[in-house]
Amino acid sequence: MKETNVKKIFNSVNIYYFFIIVAYVIWRLVIFLKRFN
Amino acid sequence: MLFVGYLVFWFELYVLDTSKGSTSIAGWLIFAVLSVISLFQCRKLLISAVESLFECSRKRTRFEKLVILLCSIACVFIIGVTVKASFLPPHFPQEYDTINYHITLPRQHLINNSFDHLSWSAADLYFMPIDVALSPFWLSTELPNKIPQIFFVFGLMLVVASIFNVFNRDSILGKFFIVFAILGSHNISIQMGVGMLDIAICYLFFAAVDSWLRKDHFLALVEFNFLFWSKSFMPIMMSLLIVGVFIAVFALKSFGFKKVAILSEDIQGKFKGNGKGFIVMFLAVSMVIGGPFIAKSIKYTGSPLFPFFVGDVNLNPNLDGRSDSMVQIQEVSKRILNTKDQYGSGRGPAEFLKHLWLISVPEKDVNKRCDYPIGLPYLLCFGPFVYLLFDSLKKKRIELCSILIFVYWVLWWMGSQQTRFLYIPIICMYMLVISQKKFLTGVFQIGILISLLLISISVFRAHKGDLGKSKYEVLRQKDRDLLAMAKDVDRSKSTKLSFEDAAFANFPIVATNHYNSVFVLKTK
């Protein structure tokens, strides 16, 4: 049961979404911080 | 709204006295009456739609309910801020086109009570059926307003959800998230409440598809006609799009592809209609909607599509191609066409790969390279879209929506690379991906929520300077000067101005800054 849930959460499309969200948020953060330099 | 406004414009132009550059409230009244009648006719459908929405919402998991609630709160905030902004007159730098020609030129025609070419304006030779159709709404208040914009925003969300419903009746979650994805797209939300026409043009595309699917062919024809003639490049763009999609389908069929599908469902007569009848009707409606602009373009430039083909095509035998005015019009048309290369960073393969990321994110506060960034929903949907594209190729299945996105994107890449011209393929991409239950995961939902929260901040930042200010306080200094001039200006002759963005001039003008503006022609 646990294994199935883990598979559900970490299937390939979710990994793609996760990395895209992290990359996007970091990019926005860097652009935001650059404004103060 | 456009149909009513278009008829009211011509009536007011030639029948009523509009010399003060204002229109009556006839457009608003007719629009309100027709809206109430159509809402009354659809009342049962609307009630059952709301009921099924609430009923299906109850079946969601606690996580989904929470995400939907938070996303809805963000959407209400975004819409609230933009609705408030739309009641103010245009004044932002990005509203230059509106202050320059969307409002100014129909207003000058109304002041002159004539549709004759304004000899000082190159932009007056553009195709502007939407501009003239909206002018009875823009100009019915004391100062020009942007209220019609908000109707197109609501309309866009409704028609996209309606098309989605035709193909995915059961996916209530999908209907929520297609609306959330649209509002979570920065380049769309930032235009809400701002005087720009791209949302209206995008609405017309999806409204025409929706009307066609609901077998209201005449309405679809009118909507498609407004879309087709909305800008000078649109007839070329739409023709190439239709031809490109047909060529792609034909090529795929010759490679053994058989099943034709749209939004994951096989097409079974959904787009059937009388082809010949449609073309005849299209041409007839075009005479009304595009006709006056084609005629004006031919009369003064020889080309039916100014600024395209000027100097190459001359359909007006009375026009001397070597005259001073024609030489000037040819120069201006070249300069206008060259502006398309001001955006993007080239057209090579490396630039193509780079732009797939860069169009979604800001580079320096706002993304000047390709206009406003699209935002996170596009990035989330792009991966699944590429997967679906390859999957349909592997299964030898023609996915019309994918082909449309692909062909549209190629045409956009070759033209002016501004993200505001990508609304149609991006919303198609959202529909295609969100229609598949397997892509609507919890992580996707969190991504859309993050996007909506970021957009809420951006939209608030864009309009916070206007909070608590009156209509007059937000105006640019030169617009205040124009209002002051209007009190004692001599209306019997045109007043010379050294700028062309004069939407607040309610008296006849002639702009003289031909040396620094591509929109102004030299006059004697």
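It should be emphasised that the depicted structure is a prediction, and the values quoted were computed from it without experimental measurement.

Q: How would you explain the overall build of chain A if you had to name every residue and give the values?
A: A count of helices and strands for chain A gives two helices and zero strands. Within the span of chain A, comprising 37 residues, buried residues form 11% of the whole.

Q: Which residues make up the overall build of chain B, and what values go with them?
A: Along its length, chain B carries 22 helices and five strands. For 524 residues, the compact-globule formula gives about 24 Å, and the C-alpha radius of gyration of chain B, at 24 Å, lands near that figure. Overall, chain B is about 70 × 55 × 50 Å in size when its C-alpha atoms are taken along their principal axes. Burial analysis of chain B (524 residues in total) assigns 44% to the buried set. Taking as baseline every contact in chain B between residues at least 6 positions apart, the subset at least 24 positions apart corresponds to 72%.

Q: Before we move on, could you go through the interface of chain A and chain B and cite the residues and values that matter?
A: Facing the 13 residues of chain A at the interface are 15 residues of chain B. Taken together, the residues of the side of chain A that touches chain B break down into ten nonpolar, one polar and two charged.

Q: Residues and numbers for helix H11 (residues 198-213) of chain B, please.
A: Residues and elements named next belong to chain B. A rise of 1.5 Å per residue sets the reference length of H11, with its 16 residues, at 22 Å; its end C-alpha atoms lie 23 Å apart and thus fit the reference within 8%. For H11, the buried fraction is high: 15 of the 16 residues fall into the buried class. Among the residues trailing H11, Lys215 stands out with phi positive, at a value near 65°.

Q: Could you give an account of the nonpolar core, with specific residues and numbers?
A: In this structure, B:Leu156, B:Val160, B:Ile178, B:Ile182, B:Phe206, B:Ile427 and B:Tyr430 are the most contacted members of the largest nonpolar core, which totals 148 residues. The greatest single-element share of this core, amounting to twelve residues, is contributed by H11(B).

Q: Pulling in residues and values, what's your account of the packing of helix H9 (residues 172-183) of chain B against helix H21 (residues 442-463) of chain B?
A: Residue and element names in this part refer to chain B. Between H9 and H21, the least distance of the axes is 9 Å, while the angle of their chain directions is 40°. Considering the angle they form, H9 stands oblique to H21. Of the two possible hands of crossing, H9 and H21 adopt the one that is left-handed. Contacts from Phe177, Phe180, Ala181 and Leu183 of H9 reach H21 at Ile448, Leu452 and Ile455. Split by residue class, the contact of H9 with H21 holds seven nonpolar, no polar and no charged.

Q: Give me the confidence of the model for chain B: which residues, what numbers.
A: Residue and element names in this part refer to chain B. Per-chain confidence: chain B averages 89 in pLDDT, with 97% of residues scoring 70 or above. Element-level pLDDT for chain B is lowest in strand E2 (residues 265-266), with a mean of 64, against a maximum mean of 95 in H21. Here the complex is predicted with pTM 0.92, and the ipTM for its interfaces comes to 0.86.

Q: Residues and numbers for helix H6 (residues 104-112) of chain B, please.
A: Along an α-helix, a turn takes 3.6 residues, which lines up residues three or four apart on a common side. Residues and elements named next belong to chain B. In terms of residue burial, H6 counts as a mostly covered element, since eight of its nine residues are buried. Among the residues of H6, Thr104, Leu105, Pro106, Arg107, Gln108, His109, Leu110 and Ile111 are the ones counted as buried. Once H6 ends, the next one or two residues include Asn113, with phi positive near 50°.

Thresholds applied
- Residues numbered from 1 in each chain as written.
- Chains lettered and ligands numbered in written order.
- Predicted model: local features only at pLDDT ≥ 70, side-chain atom pairs only at ≥ 80, totals over all residues.
- Helix = DSSP H or I, 4+ residues; strand = E, 2+ residues; numbered from the N terminus.
- Buried ≥ 20, exposed ≤ 12 C-beta atoms within 10 Å, placed from the backbone.
- Rg over C-alpha atoms; globule rule 2.2 N^0.38 Å.
- Contact = placed C-beta atoms within 7 Å.
- Nonpolar A, V, L, I, M, F, W, Y, C, P; charged D, E, K, R; others polar.
- Expected span 1.5 Å × (residues − 1).
- Core = buried A, V, L, I, M, F, W, Y, C linked by C-beta atoms within 7 Å.
- Axes fitted to C-alpha atoms, helices over the stretch in contact; angles between N-to-C directions.
- Parallel < 35°, antiparallel > 145°, perpendicular 65-115°, else oblique.
- Left-handed = near helix turned anticlockwise from the far one by under 90°.
- pLDDT = per-residue confidence, 0-100.

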